[in-house]
Each structure stands twice: as structure tokens, then as C-alpha cells.
Amino acid sequence: MSALANLQQHLDRYWALPYHQNEALHAKLNEVQDWQRARIRSTHKALFEQPKNKPMADYFLTQLYGGDDFKVLAEQLGRILPKAKKLQRLAKEESLEAGSMGIQAAILAIELDMHLAQWLLENDLPVNEDNMLAAYRAVDEAKERRTQINNLKEVCYRTDKHLNSFMLKKAFGLAKSTAYRHNFQPLYDFIDAGFKAMKPLSSVSSFIEPFCTRELQIIDEVHDTNSKPLSFGV
């Protein structure tokens, strides 16, 4: 299956999520994701505040964990994908695969947080640390959370591989004006944002490995019902 066909499947899954037709669930999901972004910033404060890491941290929090900003991207992609065969001729398939994986990772983050929001809404609970811990344990998606983190890692390594390939990077750069002219700007910019975020890094592993290691530890701690984690890893 081509990267763009795969991307269409991800978008179909995204639009099938029930929060699009449920205002109360949508509002609760926004609260959950705001809390998650704040938690991630706090947990990884030392990592995120290193000057070379700031673009990558912003990429994580705005592109791969974008909340309602992602909806705008999904709407734009929905309009261009039916005619996107042209884009496959403009950009290397490997770059499109990296972009498709990034969008899949963003959708999985939204879906998992929506399940937390559903539980909180059903139990009429506000979003705070104690209730988020209870929601994580009640929903019990530790396996899916690990998949989410591993997907983020894969997206980063794939994008870094293309960034460090002169031929791929050159081909992608040359495709920009044509992609914009054919209204493929949203997908091109989404992929390009990953390239730009990683450019200051001497090695993407210096960012993604400590980030993922800590997040996986937190998942283990959160789902250990014999203990309560200290501020979700802060």
C-alpha cells in the first residue's frame, strides 16, 4: 500500500472518532490534551530547554500532539488526497511514509486521550493529576501507550534518515514550489516541520532516546496499581 493510501486510512479512522459529534467529549478531550502537554513540558523541562532541542520540543507539542490544530491539517489533507497522485511524483515515497507515520502517531495520541476523556466525562470528574491517574488505570491501555511512544521514535528516526540523505533532502527541497502550486502545502509543511526541528541536532537519538525512555518508565509507573507515581514523572 502506498504512503498516501495508508494516510487516507488513518484520516478515515480519525474522522470516525466520536468526539467530532459530541461537544462535551470534545471539550473534555481538549482539557486532557492541555494537561498532557503541560505534563510533558514539565517532565522533560531540562531536555526541552536545551537550545538545540527547542525546535524539536516545539515539533512534538504542536505537530505530533497538536489537538485542534491537527483538525485543520486533517481537513486540508482530506481535500488534497483524492488528487495527490501528483504528489507521489514530486516527493520521494520515503518522505511521504515518514509524514504518514507522523500523522498516524498524532491520531493515536488523540484517540488514547479521548478514551481518558470519555472515562472522566462518564464519572463527572475534572481533569487533574489524581483523576488522570485513575483514568489511566481504569482505561488500562498501557500496551497502546507503549506503541504510541515507539511510533514517535520511529517517526523521528525515519525523518532523521531522510534529512541526512543528500539526495532525499535535495529532492524534497526541489519539490516545494511544485507542491505549493498544486495545493499540497499542508502535507509538505507537516513533513518539512520534522526536517527543520531535527536540523539543529547532531543526532536525533540525543533527544528521542531520553524522551522515550522516561515516557516508557512513566507508563510502567502509572499502571503499577501498587504505587502512585510522583507527579507523572516530574
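These numbers come from a predicted model, not from an experiment.

**Brief notes about the state of the cysteines**
Argument step 1. If you walk through the whole model with that rule in mind, you get 0 disulfides.
Argument step 2. With no disulfide partner, Cys-156 has as its closest neighbouring cysteine sulfur the one in Cys-212, 7.0 Å distant.
Argument step 3. On the basis of relative accessibility, which here comes to 1%, the residue Cys-212 falls in the buried class.

**Remarks on the pattern of salt bridges**
Argument step 1. By the definition in use, this model includes 9 salt bridges.
Argument step 2. The partner of Glu-209 in a salt bridge is Lys-153, with the nearest N and O atoms 3.4 Å apart. On the criterion of sequence distance, the pair formed by Glu-209 in helix H13 (residues 205-222) and Lys-153 in helix H9 (residues 142-163) is long-range, its members being 56 residues apart.

**Some words on unusual backbone geometry**
What you tend to see is this: most non-glycine residues have negative phi, and most peptide bonds are trans.
Argument step 1. Despite not being glycine, Asp-124 shows a phi value in the positive range, around 50°.
Argument step 2. Structurally, the position occupied by Asp-124 is in the loop between helix H7 (93-122) and helix H8 (129-139).
Argument step 3. For Asp-124, a relative accessible area of 69% puts it in the exposed group.
Argument step 4. In this model, Asp-140 sits at a positive phi of 55°, which is unusual for a non-glycine residue.
Argument step 5. Looking at the secondary structure, you find Asp-140 in the loop between H8 and H9.
Argument step 6. Owing to a relative accessible area of 52%, Asp-140 belongs among the exposed residues under this scheme.

Cut-offs and rules
- Residue numbering note: each chain is counted from 1, following its sequence as written.
- Residues qualify for local features only when their pLDDT is at least 70, as the model is predicted, and side-chain atom pairs are given and counted only at 80 or more; totals for whole chains, interfaces and linings, by contrast, use all residues.
- Working from all heavy atoms in the structure, the side-chain values ignore hydrogens and water.
- Note that a disulfide, as used here, is simply two cysteine sulfur atoms within 2.5 Å.
- Partly exposed residues are those whose accessible area sits between 20% and 50% of the maximum for their type, while under 20% is buried and over 50% is exposed, using a 1.4 Å probe and protein chains only.
- Just to be clear on terms, a salt bridge is a Lys or Arg side-chain nitrogen sitting within 4 Å of an Asp or Glu carboxyl oxygen.
- Only DSSP runs of H or I with at least four residues qualify as helices, and only runs of E with at least two residues qualify as strands; both kinds are numbered from the N terminus onward.

What is shown is where atoms sit, not what they do.
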